[in-house]
Amino acid sequence: MPERVVTVVPEDGLHARPASKFVEAANEFGAEIRVGHVDGDLVNAASMLAVTGLGVATGEDVRLTAEGKDAEAALDELERILTTPEDEL
(Lines give C-alpha, C1' and ligand atoms only; values in the text may rest on other atoms or scores of the structure.)
Protein backbone atom coordinates (compact mmCIF):
# COMPACT_ATOMS: atom_id res chain seq x y z
CA MET A 1 0.00 0.00 0.00
CA PRO A 2 1.51 3.34 -1.03
CA GLU A 3 2.27 5.71 1.82
CA ARG A 4 3.70 9.22 2.14
CA VAL A 5 4.64 11.60 4.92
CA VAL A 6 3.83 15.22 4.07
CA THR A 7 4.39 18.50 5.93
CA VAL A 8 1.21 20.60 6.01
CA VAL A 9 1.74 24.07 4.49
CA PRO A 10 -1.68 25.84 4.50
CA GLU A 11 -1.84 28.50 7.21
CA ASP A 12 -4.95 26.97 8.81
CA GLY A 13 -3.54 23.43 8.78
CA LEU A 14 -6.24 20.86 8.00
CA HIS A 15 -9.13 23.09 9.02
CA ALA A 16 -11.74 25.11 7.13
CA ARG A 17 -10.96 25.68 3.45
CA PRO A 18 -7.83 23.49 3.14
CA ALA A 19 -9.66 20.57 4.78
CA SER A 20 -12.62 21.08 2.46
CA LYS A 21 -10.37 20.98 -0.62
CA PHE A 22 -8.55 17.93 0.79
CA VAL A 23 -11.76 15.97 1.49
CA GLU A 24 -13.29 16.98 -1.84
CA ALA A 25 -10.20 15.67 -3.66
CA ALA A 26 -10.15 12.45 -1.62
CA ASN A 27 -13.73 11.76 -2.70
CA GLU A 28 -12.81 12.04 -6.39
CA PHE A 29 -10.70 8.88 -6.30
CA GLY A 30 -11.70 5.25 -6.07
CA ALA A 31 -8.85 4.40 -3.72
CA GLU A 32 -9.42 4.05 0.01
CA ILE A 33 -7.42 6.95 1.44
CA ARG A 34 -6.47 7.44 5.07
CA VAL A 35 -4.70 10.31 6.82
CA GLY A 36 -3.39 10.96 10.30
CA HIS A 37 -0.52 12.06 12.49
CA VAL A 38 2.70 10.23 11.66
CA ASP A 39 2.69 8.26 14.91
CA GLY A 40 -1.10 8.08 15.39
CA ASP A 41 -4.20 6.40 14.10
CA LEU A 42 -5.36 7.07 10.56
CA VAL A 43 -8.85 8.26 9.63
CA ASN A 44 -10.92 8.21 6.45
CA ALA A 45 -9.63 11.08 4.27
CA ALA A 46 -13.05 11.37 2.61
CA SER A 47 -14.71 12.43 5.89
CA MET A 48 -14.68 16.15 6.72
CA LEU A 49 -15.50 15.45 10.37
CA ALA A 50 -12.70 12.89 10.70
CA VAL A 51 -10.11 15.08 8.93
CA THR A 52 -10.85 18.26 10.89
CA GLY A 53 -11.02 16.19 14.08
CA LEU A 54 -7.32 15.36 13.70
CA GLY A 55 -6.45 18.94 14.67
CA VAL A 56 -3.50 19.10 12.26
CA ALA A 57 -1.70 22.46 12.35
CA THR A 58 0.60 24.18 9.88
CA GLY A 59 4.07 22.66 9.88
CA GLU A 60 2.96 19.28 11.23
CA ASP A 61 3.70 16.07 9.37
CA VAL A 62 0.87 13.75 8.38
CA ARG A 63 0.91 10.24 6.99
CA LEU A 64 -1.19 9.47 3.92
CA THR A 65 -1.99 5.95 2.75
CA ALA A 66 -4.03 4.82 -0.23
CA GLU A 67 -5.17 1.46 -1.49
CA GLY A 68 -6.80 0.89 -4.87
CA LYS A 69 -6.30 1.32 -8.59
CA ASP A 70 -5.70 5.08 -8.50
CA ALA A 71 -3.79 5.17 -5.19
CA GLU A 72 -0.68 6.91 -6.54
CA ALA A 73 -2.71 9.58 -8.35
CA ALA A 74 -4.72 10.18 -5.18
CA LEU A 75 -1.58 10.59 -3.09
CA ASP A 76 -0.09 12.96 -5.69
CA GLU A 77 -3.16 15.22 -5.59
CA LEU A 78 -3.54 15.18 -1.81
CA GLU A 79 0.16 15.90 -1.34
CA ARG A 80 -0.21 18.86 -3.72
CA ILE A 81 -3.07 20.25 -1.64
CA LEU A 82 -1.20 19.81 1.64
CA THR A 83 1.98 21.43 0.35
CA THR A 84 0.37 24.44 -1.35
CA PRO A 85 -0.28 27.69 0.55
CA GLU A 86 -4.01 28.28 1.03
CA ASP A 87 -4.11 31.41 -1.12
CA GLU A 88 -2.80 29.39 -4.09
CA LEU A 89 -5.41 26.59 -3.88
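Please refer to the structure higher up on the page.
Residues numbered from 1 in each chain as written. Predicted model: local features only at pLDDT ≥ 70, side-chain atom pairs only at ≥ 80, totals over all residues. Heavy atoms only, no water.

> Teacher, can you tell me more about the environment of Ala25 here?
With respect to the element layout, Ala25 can be found in helix α1 (residues 16–26). Sequence separation of Ala25 and Asn44 is 19 residues, and the distance between their C-alpha atoms is 13 Å. Contacts of Ala25, omitting those with residues within four sequence positions, involve Glu77, Leu78 and Ile81. (Helix = DSSP H or I, 4+ residues; strand = E, 2+ residues; numbered from the N terminus. Contact = heavy atoms within 4.5 Å.)

> Hey, could you run me through the pattern of salt bridges in this one?
As a working rule, side chains carrying opposite charge can pair if their charged atoms are close by. One pass over the full model with this rule turns up five salt bridges. When the shortest N-O distance is used, the salt bridge between Arg63 and Glu3 registers 3.8 Å. Taken together, the residues span a long stretch of sequence, with Arg63 in strand β4 (residues 61–67) and Glu3 in strand β1 (residues 3–7) at a distance of 60 residues. The class for Arg63 is buried, based on a relative accessible area of 19%. Between Glu72 and Arg4 there is a salt bridge, and its shortest N-O distance comes to 2.9 Å. Of this pair, Glu72 sits in helix α3 (residues 71–82) while Arg4 is found in strand β1, placing the two residues 68 residues apart along the sequence. (Salt bridge = Lys/Arg side-chain N within 4 Å of Asp/Glu carboxyl O. Buried < 20%, exposed > 50% of the residue type's maximum accessible area, 1.4 Å probe, protein only.)

All we've got here are geometric facts, nothing functional implied.
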